[in-house]
Amino acid sequence: MGEPGTKEILSLEELEASAGVRTGRKHILSILVENKPGVLTRIAGLFARRGFNIDTLAVGPTDDPTLSRITLTLDGAMHPIDQVTKQLHKLVNVIKIRDLEPAETVARELALFKVSADGATRAEVMQMVEIFRGKIIDVSKRSVIIEVTGSWEKIEAFERMVRPFGLIEMARTGEIAISRGRGET
Amino acid sequence: MMRAVDAIMECLKAEGVDVVFGYPGGANLPTYDAFVDAGIRHILVRHEAGGGHAAEGYAKASGKVGVVFATSGPGATNIVTPLTDAMMDSVPMVAFTGQVRTELLGTDGFQEADTFGITMPIVKHSFVIQHPAEIPRAVHEAFHIARTGRPGPVLIDIPQDLSRAEIDYQPVEDVHLPGYQPTVDGNSKQIRLAAKALANARRPVLYAGGGVVSSGASEELRALADAGNFPVTCTLMGLGTFPAPHPQWLGMLGMHGTRAANYAMDEADLIVAIGARFDDRITGKLSEFAPRAKFIHIDIDPAEISKNVPAHIPIVGDAKRILDRLVDEYRALEPDKARLAGWWERIEHWRQQYPLRYDDTPDSEIKPQYLVQALYEATDNGDCILSSDVGQHQMWAAQYFHFSQPRRWINSGGLGTMGFGLPAAIGAAVACPDVPSVLLTGDGSFQMNIQELGTARQFDIPVKCVIMDNGYLGMVRQWQELFWDRRYSNVDMGSYPDWVKLAEAYGAKGVLLTDKRTLVDDLRAALATPGPVVVDVKVTREENTYPMIAPGAAAREMVG
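About the criteria used
- Residues numbered from 1 in each chain as written.
- Chains lettered and ligands numbered in written order.
- Predicted model: local features only at pLDDT ≥ 70, side-chain atom pairs only at ≥ 80, totals over all residues.
- Helix = DSSP H or I, 4+ residues; strand = E, 2+ residues; numbered from the N terminus.
- Rg over C-alpha atoms; globule rule 2.2 N^0.38 Å.
- Buried ≥ 20, exposed ≤ 12 C-beta atoms within 10 Å, placed from the backbone.
- Contact = placed C-beta atoms within 7 Å.
- Pairing = 2+ DSSP bridges.
- Axes fitted to C-alpha atoms, helices over the stretch in contact; angles between N-to-C directions.
- Domains from an automatic or database assignment.
- Arc of directions from axis to C-beta.

**Details of the overall build of chain A**
Okay, so step 1: A count of helices and strands for chain A gives 4 helices and 9 strands.
Okay, so step 2: Secondary structure of chain A in N-to-C order comes out as β-α-β-β-α-β-β-α-β-β-α-β-β.
Okay, so step 3: For 185 residues, the compact-globule estimate of 2.2 N^0.38 gives 16 Å, and the C-alpha radius of gyration of chain A, at 22 Å, exceeds that figure by more than 25%.
Okay, so step 4: Taking the principal axes of the C-alpha coordinates as reference, chain A spans close to 80 × 40 × 35 Å.
Okay, so step 5: The buried share of chain A, reckoned over its 185 residues, is 25%.
Okay, so step 6: Nonlocal contacts in chain A, meaning residues at least 24 apart in sequence, comprise 73% of its contacts between residues at least 6 apart.

Structural data, given as structure tokens:
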């Protein structure tokens, strides 16, 4: 393609558009917002009316009390991520959005599992917990509550492993994430 | 110390507001008390929807921020339509709504509505006041957000008790909005690339929308068109940004656009979209829209770029600044001017082959298209601000009223709000008292905010309302005829009311016109009558707006 600024010919055929690209992978968006009432409603409302489907959502304070961080994950196979971030940017209370690069990001989720475990299966369940470096935080006669932290994939894997024992309940926080290295997320 | 409501008045004056539209009620009584001494002109509308649309008309005609006041609950819900309309058409507007006292919030108090929640998706931003000291800053931030970037409506919801609280008012000199920093200067490299693409295009089209009006970039658009001898088409919202009587003007594009404009888009190799958003009424069937074209998309809203049509050269920023530099860059390339000869030949062929036309005979009744042409003539070739409502009359106005200046054509495009016209024409008349304000409406639309005739009369706002009266909801009837086997369902409006009597009841002049031979002179006489005037023009009942791209069809498949 001809360098801008020269009179070299630019063939229109060489122009390519990139838009509405569906990446096909999971995206983690880290969104810094003003800590004001109604901000989460605005973001949730935007996703609802534009037809974007949030997979997980976590909201919490940051080191700066005037700001909150919203970490949300969504499926890049379903949504054009550039359109999602551009629409989010239009919200006046949104300060900054990072579409985190998986390789340069540490992401963690906390999950609680209530699993059937009587005398016969408790040892086996405990072994599974150990492998996943989880913790048993409550025990009753016929069940245990297990705490596991890790990536979304690890939580999924743990769920698959304990489900056969009888998964009574599960609660997950959704991932929170931060970029590796010295720079701010 | 002063009351927060008095501080609001100070803020309005600091923002240069000299006129507002509104309606009082319980929750905004303190604000209305402040109006008594504020020295700001307040126009009392007859319905909050009228107030919102009047603020829009004012903003569209003047380029300034329109302001509307409404009370809580029903007052606030009544401005939902104008807010949505302003959001869709990027109209700068600030709406002040009253709210119940803070102690009543969330209790389903009398006239309580969740105004913030209801309006969230239809405003550019909103402020819910939680402390009276926040009010002055919120007002200035609201005006800043409304008028900058892509303009839009901003709402400020103020609980009644907070509005009457005493605050230590200090004038606000600056706004601090870290999350709101619109890009105005286009990327230089992208602008150079766009110039090169234009220089190499063989079949280019400039496609301009309402953003060119908002940006005040009509001169720059014309300069670019002149520099490259480019053909120009406009969206419904862009009409007037390029002078209609101009050899490079193709007419409006889209569903009821000209064949020349739509066929040019269809065969173009390069389309420059400027402040336009590829609405479905423009593109028709998206997968068959301009299949041979590459796209340069200039828009101040990055989210519009590649939303519907992928852009090859996106340029985010203010159209005026970008076009100005694009013209220079283009000229510097010294492109071969002769390269468009074949393209113009093709366009000329379409123009000759497919001019806008309708069947008419000397002794026929008044054709609606002829009414628009007669009105154009009676206004000395469109020397007025023409507002319209929504429907067939709007499309015929867009086709046959040749707009030569921006901000002279005021209508509801994106939302298509019937009832927009009369209050908008009032707002336009208030904004530009030296330019005649003419409304072209339909007998359906006019009745949706007819009560504003009272406003026009009381405040002596001389709007001239011309009703294209076919006794039908004409556009719906047309769709039922074309796409629903002519099974007419609830589109016949009968001949109610008697418009002349109604006008007279409001103290306005009413005129009934049925004679085609004297129509131009009769219209001229009606327009010259002082004060508000209602002109009822009986037209052919079943006339269709053509040409037309059927919904979901491609430009190539234009009919009629």
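**Re the sheet that holds strand β1 (residues 26-34) of chain A**
Residue and element names in this part refer to chain A.
Okay, so step 1: Read from one edge of the open sheet, 4 strands run β2-β3-β1-β4, paired in antiparallel fashion. In this open sheet, the two strands that pair with only one neighbour each are β2 (54-61) and β4 (94-100). The average angle at which neighbouring strand axes cross in this sheet is 15 degrees, direction not considered.
Okay, so step 2: Relative to strand β3 (residues 67-75), β1 runs antiparallel, the two sharing 9 bridges. Its bridge partner being in β3, L29 is matched across the sheet by L72.
Okay, so step 3: Of the strands in this sheet, β1, β3 and β4 touch helix α2 (residues 81-89), which is tilted by about 165 degrees from β4.

**Some thoughts on the domain arrangement of chain B**
All names here are of chain B.
Okay, so step 1: As assigned here, chain B comprises domain 1 (2-167), domain 2 (188-353) and domain 3 (368-538).
Okay, so step 2: Placing a centre on the C-alpha atoms of domain 1 and another on those of domain 3 gives a separation of 29 Å.
Okay, so step 3: Between domain 1 and domain 3, the contact holds 25 residues from the first and 26 residues from the second.
Okay, so step 4: The biggest single contributor to the side of domain 1 that touches domain 3 is helix α3 (residues 48-62), with 11 residues.

**Overview of helix α11 (residues 218-228) of chain B**
An α-helical turn contains 3.6 residues, so any two residues separated by three or four positions project in the same direction.
Residues and elements named next belong to chain B.
Okay, so step 1: Buried residues of α11: S218, E220, L221, L224, A225 and G228, and no others. Seen along its axis, α11 keeps its buried residues to an arc of 165 degrees; they face one direction.
Okay, so step 2: Those residues of α11 that are buried are in contact with α9 (188-200), β9 (204-208), α10 (210-215), β10 (232-234), β12 (270-274) and α14 (319-332).
Okay, so step 3: Directly beyond the C-terminal end of α11, a positive phi value near 55 degrees is found at N229.

**Details of helix α18 (residues 421-431) of chain B**
Okay, so step 1: Judged by how many residues are buried, α18 of chain B sits mostly within the fold: 11 of 11 residues are covered.
Okay, so step 2: Buried within α18 of chain B are the following residues: G421, L422, P423, A424, A425, I426, G427, A428, A429, V430 and A431 of chain B.

**What to know about the interface of chain A and chain B**
Okay, so step 1: With 28 residues of chain A at the contact, the number on the chain B side is 30 residues.
Okay, so step 2: Those elements giving two or more residues to the side of chain A that touches chain B turn out to be α1 (39-50), α2 and β4 of chain A.
Okay, so step 3: The element contributing the most residues to the side of chain A that touches chain B is α1 of chain A, with 4 residues.

**Focus: the domain arrangement of chain A**
By convention, interface size is frequently given as the accessible area that disappears when the constituent parts associate.
Residues and elements named next belong to chain A.
Okay, so step 1: In terms of domain boundaries, chain A breaks down into domain 1 (21-103) and domain 2 (106-179).
Okay, so step 2: Relative to domain 2, the C-alpha centre of domain 1 lies at a distance of 28 Å.
Okay, so step 3: Across the contact, 8 residues belong to domain 1 and 7 residues belong to domain 2.
Okay, so step 4: Of all the secondary-structure elements, those providing two or more residues to the side of domain 1 that touches domain 2 are β1, β2 and β3.
Okay, so step 5: Looking at the side of domain 1 that touches domain 2 element by element, the count peaks at 3 residues for β2.

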